[in-house]
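# Structural characterization, general
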Amino acid sequence: MSDKGKFYMTTAIAYTSGKPHIGNTYEIVLADAIARYKRLEGYDVYFQTGTDEHGQKIQEKAEKAGITPKEYVDNVAGEVKRIWDLMNTSYDNFVRTTDADHEKQVQKIFKKLYDQGDIYKGSYEGLYCTPCESFWTESQLVDGKCPDCGREVKPAKEEAYFFKMSKYADRLIEHINTHPEFIQPVSRKNEMMNNFLLPGLQDLCVSRTSFSWGIPVDFDPKHVVYVWLDALTNYITKIGYDADGNSSDLFKKNWPADLHLIGKDIIRFHTIYWPIFLMALDLPLPKQVFGHPWLLQGGDKMSKSKGNVIYADDMVDLFGVDATRYFVLHEMPFENDGVITWELVVERFNSDLANILGNLVNRTVSMSNKYFSGVVRSTGVTEEVDEDLKAVVTGARDRVAQKMKDLRVADAISEVFGVFRRCNKYIDETAPWVLAKDEAKSDRLAEVLYNLAESITVGASLLYSFLPETAEKIVAQLHTQLRGFEELNQFGLYENGTKVTGTPEILFARLDAKDVMPKVEAIREAQKKEFEAEQKALGEEAPAEEKAEDVIDIEAKLQAGKGGGYERWAKVFNVKQMAQTYNYLREHGLLDYAELEEKASAATEQFHALSAQIKAAETRMAEIAVLKTHIINYAKTRDVYAGYRKAGYSKKFLAEHEGDILLHKAAKKAFDDLGVKKLPTVKSLQEEYAKLLAEKKAAYAEYRRSRDEMRELLLHKQNVDRMLGKDERSEEKKQEHDRQ
């Protein structure tokens, strides 16, 4: 393995307000895939993740639970770490912002910035909403009340320390302009520049006195360090940064970070606040901040009270670790939000993991055992069809490398599965079962199976970064090892004469949605009961179902209140994002929420219907291929089998004609399995296959259009739901706004 130097990467640290759902878990799995791939390329990777454990929300939750904040975060941090470990993530360091070494360095950093004049003492002053713990200006109010909860506000003032953001704004703008790779994707960079930096930065509150669960400002202990100065600095404190100049060798080796991988909702804090803090500390800036999209749950609000929150451990129970990893990695576009439903997971499990990958490995190992007692040999008997297979396999490494360089992880996985798809096509092209009937073609058959074993080994080695357990299982069945990066563009390294396993393992057994969905319903019911028990323990009633408005006029909601409504939510979320949603809804006549909801639901149903149509066509096409082969074999062996029957099924006759007799029996069994009463002609099957293929192509084109429409509608509906307070993310957004 070549030494390409260090690669320090981090995820955002998870806020310990509760158990992470699958959308939260996506980030750690994505980061793990990148870390594993960088190691494969030869980088010395240091991969850090962890938990953010301070704040008013945590203090309040702990009080309601009747435990200390530290006990509360210990429980949640333990749960986060358990799920990260369950997902087989290879982090090097799991940090906690309650760690003593981090807290000590945060105090030192705060004092250093205060002493050099970057932090000063001031006060928050404005109209205060007690339930929301938020200050508002007069222009932000809606009908004179809190724009978040609609309650009364009162004049108030709170002493606080502030950081002089504007002092470093010009330097940051210059850095972003001269380092186009710093903020990715590019759309995130444009958003930060146009919406925040160019209009001018306000000074940032970095302490609070209205709650106590935080790191005390050591020279003014009634203040606690507030949120971002505490949370963001973990990226340096936990690799050994010391504000007094005694930083560790680990810090000197790894800083600056090569990649901060974060959700798009917190990119402002990582690309504006964080680099400015680093400038003030005279430290180099991270090389890249990548704001990944969200994984949305079918367009509906994720709520434990509804029982529709998808958790990683529930998915693992139903599908396994690697199937869960595959779905979240493969289904996430580069910039746009992805969609997850239980039905989609089942579809992807069957089509990709069971059919394309699992079936390929099982067939290859089984044929090697059947025809050569498990011994895989290269005989050198090649044909032209082999060259295309080899070209696809040896070129895959560089195609995957380019996708991973751009952090297009979903596209990289598609390139890996392109190898497996080509292998399946190669089996159809070479028809090993036909070669096996002619002893003179034994060496050609051996070469075909060798090519498959070699190709699958290369594919498994590329797959390891994404599905590590599956990759290891594959090479274990082939009795070989995963390859190094430098070997992955070569063909023919599989050791000649290797014997594969005699007991092949089914990697992914096909699932029936009829079997899975009752288990999903049980998960949903358990969630509802757990939620009710939690509410009861906290002395609260479970929230009643909201009574829907007869008509929700989205435009009126967006425009309600001068300085409130749209303007308020645009500030909290994203001006460009909300404007795009508004323009889309207006252009498509969907400003009535009921119509938007109906349209999104219809698009989702159409997508599932097309998926089912394509799946049905593929299933029938596979049946036709099998049936066609067996009809041909049946016709060829009918006379031999009649002779076998006439000979009284004698052993001598069987020994002389075993191959044909077995083919005849296999054909008859296949007809029974497929429920065939009257054999169709080969010509009629070919015509049906051609018709299905044409229908599948047409359906697939519509499928792609439908998928894009569904994603767009669900994205805009999600934005509207957050604006209307129908989505839990809206509450998270408001809290982020309050943190500022």
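Residues numbered from 1 in each chain as written. Predicted model: local features only at pLDDT ≥ 70, side-chain atom pairs only at ≥ 80, totals over all residues. Heavy atoms only, no water.

## Here's the deal with the overall build of the protein chain
Assigned secondary structure in the protein chain consists of 27 helices and 18 strands. Relative to all contacts within the protein chain whose residues are 6 or more apart in sequence, the contacts with residues 24 or more apart total 79%. (Helix = DSSP H or I, 4+ residues; strand = E, 2+ residues; numbered from the N terminus. Contact = heavy atoms within 4.5 Å.)

## Regarding the pattern of salt bridges
Scanning all chains against the criterion turns up 43 salt bridges. Taking the shortest distance from any N to any O, the salt bridge between arginine 208 and glutamate 158 comes out at 3.1 Å. You can see arginine 208 sitting in strand β10 (residues 207-208) and its partner glutamate 158 sitting in strand β7 (residues 154-163), a full 50 residues away along the chain. Take arginine 208 and glutamate 158: they sit in the same class, and that class is buried. Here arginine 620 makes a salt bridge to glutamate 688, at a shortest N to O gap of 2.9 Å. One end of the pair, arginine 620, is in helix α23 (residues 593-646); the other, glutamate 688, is in helix α26 (residues 682-724), with 68 residues separating them in the sequence. When its relative accessible area of 26% is taken as the criterion, arginine 620 is described as partly exposed. Among the charged side chains, a salt-bridge network with shared partners connects Lys19, Glu79, Arg82 and Asp313. (Salt bridge = Lys/Arg side-chain N within 4 Å of Asp/Glu carboxyl O. Buried < 20%, exposed > 50% of the residue type's maximum accessible area, 1.4 Å probe, protein only.)

## So, the side chain of glutamate 27
Note on placement: glutamate 27 falls in helix α1 (residues 22-41). By relative accessible area, which is 10% here, glutamate 27 ends up buried. Within the local environment of glutamate 27, its side chain forms a polar contact with the side chain of histidine 292, the two groups lying 2.6 Å apart. If sequence neighbours within four positions are ignored, glutamate 27 has contacts with Thr11, Ala12, Leu261, Ile262, Gly263 and His292. (Polar contact = N/O pair within 3.5 Å; in protein donor to acceptor, adjacent residues only side chain to side chain.)

## Remarks on the packing of aromatic side chains
The description of an aromatic ring pair rests on the distance of the ring centres and on the angle between the ring planes. Per the stated rule, a full pass over the model turns up 30 aromatic pairs. An aromatic cluster is defined as three or more aromatic residues linked by ring pairs; in this entry it consists of Tyr8, Tyr46, Tyr235, Tyr241, Phe251, Trp255 and Trp274. When the ring centre of tyrosine 311 is taken as origin, the NZ or CZ atom of lysine 19, which lies over that ring, is 4.4 Å away. Directly above the ring of tryptophan 294 sits lysine 264, whose terminal nitrogen or CZ lies 4.8 Å from the centroid. (Phe/Tyr/Trp six-rings, centres within 6.5 Å; stacked < 30°, edge-to-face > 60°. Lys NZ or Arg CZ within 6 Å of the ring centre and 35° of its normal.)

## As for helix α25 (residues 658-673)
Between its first and last C-alpha, α25 extends 22 Å over 16 residues, near the 22 Å set by a 1.5 Å rise per residue. At its buried positions, α25 is contacted by α23 and α24 (651-656). Remark: glycine 675 follows α25 within two positions and exhibits a positive phi of approximately 70 degrees. (Expected span 1.5 Å × (residues − 1).)

## Focus: the pairing of strand β1 (residues 6-11)
Counting buried positions along β1 gives six out of six residues, so the element sits mostly inside the fold. Residues of β1 alternate between two faces, with Lys6, Tyr8 and Thr10 on one and Phe7, Met9 and Thr11 on the opposite face, all of them buried. Pairing of β1 with strand β3 (residues 44-52), which is carried by five bridges, proceeds in the parallel orientation. From the neighbouring strand, threonine 10 faces β3, where its bridge partner is glutamine 48. Bridge count for β1 against strand β13 (residues 259-263) is three bridges, and the pairing is parallel. Counterpart to methionine 9 in the pairing with β13 is leucine 259. (Pairing = 2+ DSSP bridges.)

## A few points about the nonpolar core
Formed by 125 residues in total, the largest nonpolar core has its most connected members in Ile34, Phe319, Leu329, Trp342, Phe417, Phe466 and Ile474. Per-element accounting of this core gives the leading share, 14 residues, to helix α13 (residues 342-372). Counting residues in each nonpolar core, the second largest holds 63 residues, with Tyr168, Leu204, Val224 and Ala243 among its members. (Core = buried A, V, L, I, M, F, W, Y, C linked by side-chain atoms within 4.5 Å.)

## A look at the packing of α13 against helix α15 (residues 409-430)
The geometry of α13 relative to α15 is characterised by a closest axis approach of 10 Å and an angle of 50 degrees between their N-to-C directions. When the axes of α13 and α15 are compared, the pair comes out oblique. Judged by the twist between their axes, the crossing of α13 over α15 is left-handed. Two secondary-structure elements touch here, α13 through Asp352, Leu353, Asn355, Ile356, Leu357, Leu360, Arg363, Thr364 and Met367 and α15 through Phe417, Phe420, Arg421, Cys423, Asn424, Ile427 and Asp428. Of the residues contributing to the contact of α13 with α15, the split by class is nine nonpolar, three polar and four charged. (Axes fitted to C-alpha atoms, helices over the stretch in contact; angles between N-to-C directions. Parallel < 35°, antiparallel > 145°, perpendicular 65-115°, else oblique. Left-handed = near helix turned anticlockwise from the far one by under 90°. Nonpolar A, V, L, I, M, F, W, Y, C, P; charged D, E, K, R; others polar.)

## Brief notes about the packing of α1 against helix α14 (residues 384-405)
Relative orientation of the contacting elements α1 and α14 amounts to 130 degrees, with a least axis distance of 12 Å. Comparing the axis directions of α1 and α14 gives the class oblique. Crossing geometry of α1 relative to α14 is assigned as left-handed. In this structure, α1 uses Ala33, Ile34, Tyr37 and Glu41 to contact α14, whose residues at the interface are Arg397, Val400, Ala401 and Met404.

## Overview of the confidence of the model for the protein chain
A residue-level look at the protein chain finds 88% of positions with pLDDT of 70 or above and a mean pLDDT of 86. The low-confidence segment residues 728-740, where pLDDT is below 50, has 45 contacts with residues more than four positions distant or belonging to other chains. (pLDDT = per-residue confidence, 0-100.)

## As for the sheet that holds strand β12 (residues 224-225)
Taken together, three strands build an open sheet; the order of strands is β10-β12-β11 and the sheet is antiparallel. Looking at which strands have only one partner, the edges of the open sheet turn out to be β10 and β11 (215-216). Here β10 pairs with β12 via two bridges, running antiparallel. Directly across from arginine 208, in β12, lies its bridge partner valine 224.

## Regarding the environment of serine 17
By the secondary structure assignment, serine 17 is in the loop between β2 (14-15) and α1. Distance from serine 17 to glycine 55, taken between C-alpha atoms, is 9.6 Å for residues 38 residues apart in sequence. The residues contacting serine 17, other than those within four sequence positions of it, are Lys57, Lys61, Tyr72 and Val76.

## Some thoughts on α14
Owing to its 3.6 residues per turn, the α-helix brings residues three or four apart onto one side. In a regular helix each residue adds 1.5 Å, so 22 residues correspond to 32 Å; α14 covers 33 Å between its end C-alpha atoms and thus fits that length. Where α14 bends most, at alanine 396, the angle is about 40 degrees. On its buried face, α14 sits against α1, α15 and α17 (442-463). Phi for leucine 407, located one or two positions after α14, is positive at around 60 degrees. (Bend = angle between axes of the 7 residues up to and from the residue.)

## Side note on the environment of valine 419
Here valine 419 shows up in helix α15. Residue valine 419 is classed as buried on the basis of its relative accessible area of 0%. Contact partners of valine 419, with chain neighbours within four places excluded, come to Val392, Val393, Ala396, Ser455 and Gly459.

## Points about unusual backbone geometry
In this structure, proline 185 follows glutamine 184 across a cis peptide bond, with omega equal to -10 degrees. Structurally, proline 185 can be placed in the loop between β8 (183-184) and α6 (186-197). Along the chain, tryptophan 255 connects to proline 256 via a cis peptide bond; the corresponding omega equals 10 degrees. Within the fold, proline 256 resides in the loop between α9 (249-254) and β13. For alanine 431, which is not glycine, the phi torsion reads 45 degrees and is therefore positive. Secondary-structure assignment places alanine 431 in the loop between α15 and α16 (432-435).

## Brief notes about the environment of asparagine 359
Summarising the element assignment, asparagine 359 is placed in helix α13. Overall, asparagine 359 belongs to the partly exposed group, its relative accessible area being 36%. Sequence spacing of asparagine 359 and leucine 507 is 148 residues, and the spatial spacing of their C-alpha atoms is 8.2 Å.

## Regarding the side chain of lysine 6
Note that lysine 6 resides in strand β1. Here proline 256 takes part through its backbone oxygen, which lies 2.4 Å from a polar atom of the side chain of lysine 6. In terms of polar contacts, lysine 6 uses its side chain to reach the side chain of aspartate 258, at 2.7 Å. Discounting chain neighbours no more than four positions away, the residues touching lysine 6 are Tyr43, Asp44, Lys253, Asn254, Trp255, Pro256, Ala257 and Asp258.

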